[in-house]
Amino acid sequence: QVQLAESGGGLVQPGGSLRLSCAASGSIFRLYAMGWYRQAPGKQRELVANIRNDDGTTTYADSVKGRFTISRDNAKNTVYLQMSSLKPEDTAAYYCVARLAMIGGAPTSHWGQGTQVTVSS
């Protein structure tokens, strides 16, 4: 079993900042990448940012480039999303995802429960 524990969501005013964290635990043999998706009401889930474990290569959605920063702590199997200059359109449920292999298994994606981010004055 694999668990993803997310934290850091909440209510923030436009222009403010939040940091999301996601820690993966359980029977992890190899962790390939971690990232964040978000889903606003009535919209499809979309990639926000992703980071590879081996070389740290990052990918960002165009809408968050220059405002969000993804980072990782490999020793803790943890990924962070620092969000700055937040806008009302960033309001969504944010989901952590980990691409990993369990002992004796093929790589699969595992999802967290989601954490709500609301940007409003």
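Scroll up for the structure.
All of the points below concern the structure found in this document. Computed from a prediction, not measured in an experiment: that's the story for all the values here.

Calculation notes
- Residues numbered from 1 in each chain as written.
- Predicted model: local features only at pLDDT ≥ 70, side-chain atom pairs only at ≥ 80, totals over all residues.
- Heavy atoms only, no water.
- Helix = DSSP H or I, 4+ residues; strand = E, 2+ residues; numbered from the N terminus.
- Rg over C-alpha atoms; globule rule 2.2 N^0.38 Å.
- Buried < 20%, exposed > 50% of the residue type's maximum accessible area, 1.4 Å probe, protein only.
- Areas by Shrake-Rupley, 256 points an atom, 1.4 Å probe, with all protein chains shown as cover.
- Pairing = 2+ DSSP bridges.
- Salt bridge = Lys/Arg side-chain N within 4 Å of Asp/Glu carboxyl O.
- Core = buried A, V, L, I, M, F, W, Y, C linked by side-chain atoms within 4.5 Å.
- Contact = heavy atoms within 4.5 Å.
- Polar contact = N/O pair within 3.5 Å; in protein donor to acceptor, adjacent residues only side chain to side chain.

### Quick look at the overall build of the protein chain
In terms of helices and strands, the protein chain carries zero helices and 11 strands. Overall, the protein chain shows an N-to-C arrangement of helices and strands of β-β-β-β-β-β-β-β-β-β-β. Relative to the 2.2 N^0.38 estimate, which gives 14 Å for 121 residues, the radius of gyration of the protein chain is 14 Å and therefore close to what a compact globule would have. By principal-axis analysis of the C-alpha atoms, the protein chain measures approximately 50 × 25 × 25 Å. Put simply, the protein chain has 121 residues, and 41% of those count as buried. Only carbon and sulfur atoms are counted for the fraction: they give 46% of the accessible area of the protein chain, which is about 6,400 Å².

### With respect to the pairing of strand β8 (residues 78-83)
In terms of residue burial, β8 counts as a mostly covered element, since five of its six residues are buried. As judged from the six bridges shared by strand β3 (residues 18-26) and β8, these two strands associate in the antiparallel manner. Across the sheet, L18 pairs through a bridge with M83, a residue of β8. As paired strands, strand β7 (residues 68-73) and β8 are joined by six bridges and run antiparallel to one another. Residue F68 lies in a different strand from β8, and its bridge partner there is M83. In this antiparallel pair of consecutive strands, β7 and β8, the connection spans four residues, and N77 shows a positive phi of 50 degrees.

### Observations regarding the pattern of salt bridges
Side chains that differ in charge, positive against negative, can pair when their charged atoms come close. The final tally for this structure, using the stated rule, is six salt bridges. In this structure, E46 engages R38 in a salt bridge whose closest nitrogen and oxygen atoms are separated by 2.7 Å. For E46, a relative accessible area of 34% translates into the label partly exposed. A salt bridge links R52 to D54, with the nearest nitrogen and oxygen atoms 2.6 Å apart. Exposure remark for R52: the relative accessible area of 38% places this residue in the partly exposed category. Classification of D54 by relative accessible area gives partly exposed; the value is 49%. Taken together, the shared-partner salt bridges in this structure form one network comprising R38, E46, R67 and D90.

### Topic: the nonpolar core
With 31 residues, the main nonpolar core has M34, W36, L81, M83 and Y94 as its most contacted residues. The set of elements that each furnish at least two residues to this core consists of β1 (2-7), β3, β4 (28-39), β5 (46-52), β7, β8, β9 (92-102) and β11 (115-119). Considering every element that reaches this core, the biggest residue donor is β9, with five residues. Once residues within four sequence positions are removed from consideration, M34 is found in contact with L4, C22, A24, N50, I51, I70, N77, T78, V79, C96, V97 and A98.

### What to know about the side chain of T115
Mapped onto the elements of the fold, T115 is located in strand β11. For T115, a relative accessible area of 13% corresponds to the buried category. From its side chain, T115 meets the backbone nitrogen of G9 in a polar contact 3.3 Å long.

### Considering the environment of G114
With respect to the helices and strands, the residue G114 is situated in the loop between β10 (108-111) and β11. For the pair G114 and L4, spaced 110 residues apart in sequence, the C-alpha to C-alpha distance is 9.6 Å.

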